[in-house]
Amino acid sequence: MTATTRLASTPTSTGFLIAVEGIDGAGKSTQIRALADVLRALGHEVVVSREPTYGQYGKQLRDSAASGRLTASEEHRLLLLDRREHVDTLIRPALERGAVVVLDRYYFSSMAYQGAAGLDPETIRRDNEAFAPKPDLLVIFDLPVEEGLKRIAARGERPNAFEATATLERCRTSFLAMLDLPFAQRVDATQDADQVRGALVAVVLRALGYRRFVGLGAIA
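Because the structure is a prediction, the values reported are computed rather than measured. (Residues numbered from 1 in each chain as written. Predicted model: local features only at pLDDT ≥ 70, side-chain atom pairs only at ≥ 80, totals over all residues. Heavy atoms only, no water.)

**Structural notes on the pattern of salt bridges**
Threshold: The term salt bridge refers to a side-chain nitrogen of Lys or Arg lying within 4 Å of a carboxyl oxygen of Asp or Glu. Only DSSP runs of H or I reaching four residues or more are called helices, and only runs of E reaching two or more are called strands; each is numbered from the N terminus. Exposed residues in this analysis have more than 50% of their type's maximum accessible area, buried residues have under 20%, and partly exposed residues fall in between, with area computed by a 1.4 Å probe over protein chains only.
With the rule as written, the count across this model stands at 14 salt bridges. One salt bridge in this structure joins Glu122 and Arg125, with 2.8 Å as the shortest N-O distance. In this pair, Glu122 and Arg125 both sit in helix α5 (residues 121-129), three residues apart, roughly one turn of the helix. The exposure class of Glu122 is partly exposed, given its relative accessible area of 35%. Here Asp142 and Arg172 are joined by a salt bridge, their closest N and O atoms 2.8 Å apart. Of the two residues, Asp142 is situated in strand β4 (residues 137-142) and Arg172 in helix α7 (residues 165-177); the sequence distance between them amounts to 30 residues. On the accessibility criterion, Asp142 (4% relative accessible area) is buried. What makes Arg172 partly exposed here is its relative accessible area of 22%. Put simply, Glu21, Asp24 and Arg105 are held in one network by salt bridges that share partners.

Here's what the structure looks like:
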């Protein structure tokens, strides 16, 4: 492995922080697990987590997806509390010991979903970056909303309060706008699972400084 070229500044950490984002149904969780397996095979300590967490504040947010959404301001308040706890107890300690941390959603989802509910995305960003480390790499899984909803239905699930078509359309627009960030990369999530996995691994290995790779990440 070559020396890592950092894509964004995270002055308090020595590890590498990856945030994977996208609308519901994009297939992030499955591909994150596959990515973690590749990175571990290459000798990295990998910590995988997700937001909202299953802690006290995250649970309130998860419960609201089934029982009815809270106000955007209350969601933002709970997300900040949940994320601060997540940063303090898991994310920052893992980064400080040199781990690769892969997050299934981070504060960019707050910008998209609470932004779609009427809050100012830039205010959300500032509130989070006051304490949460910026990622070294932001990966946006992109697919049309109709396809995302089909995938949710194919899993035998009903769309929850965060998965209304109009909300997801606004969220997708917000995520695509984030591709202007210098540390953001798009993955076409309409491809089949193997192609998506290969694209994700390729993006991450390049960000970590590997010069060449074959297939799903074998180093040449």
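**Focus: helix α4 (residues 107-116)**
Formally: In this analysis, two residues are considered to be in contact whenever any of their non-hydrogen atoms come within 4.5 Å of each other.
Of all ten residues that make up α4, nine are buried, and the element is covered over most of its length. Taken together, the buried positions of α4 are occupied by Tyr107, Phe108, Ser109, Ser110, Met111, Ala112, Tyr113, Gln114 and Ala116. Residues of α4 that are buried in the fold lie against β1 (16-22), α3 (72-96), α5, β4 and α7. Where α4 ends, the next residue or the one after it, Gly118, has phi of about 120°, a positive value.

**Description of empty space enclosed by the protein**
Take a probe with the size of a water molecule and roll it over the atoms, and the empty space left behind shows itself. Keep this limit in mind: Lining residues are defined by having an atom within 4 Å of a point belonging to a cavity or pocket. Those points lie on a 1 Å grid over the protein atoms alone, cavities being sets where a 1.4 Å probe fits but cannot get out and pockets being open sets with protein on both sides within 12 Å along at least five of seven lines. Grid points are joined across faces, edges and corners, and a volume is the space filled by probe spheres set on the points. Nonpolar residues are Ala, Val, Leu, Ile, Met, Phe, Trp, Tyr, Cys and Pro. Charged residues are Asp, Glu, Lys and Arg, and all others, Gly as well, are polar.
Within the structure shown, the criterion is met by one cavity of 30 Å³ or more. What lines the largest cavity is Gly22, Ile23, Ile140, Phe141, Asp142, Leu143, Arg172 and Phe175. Going through the elements one at a time, β4 and α7 are the ones with two or more residues in the lining of the largest cavity. Among the elements that take part in the lining of the largest cavity, β4 stands out by supplying three residues, more than any other. Class assignment of the residues belonging to the lining of the largest cavity gives a composition of five nonpolar, one polar and two charged.

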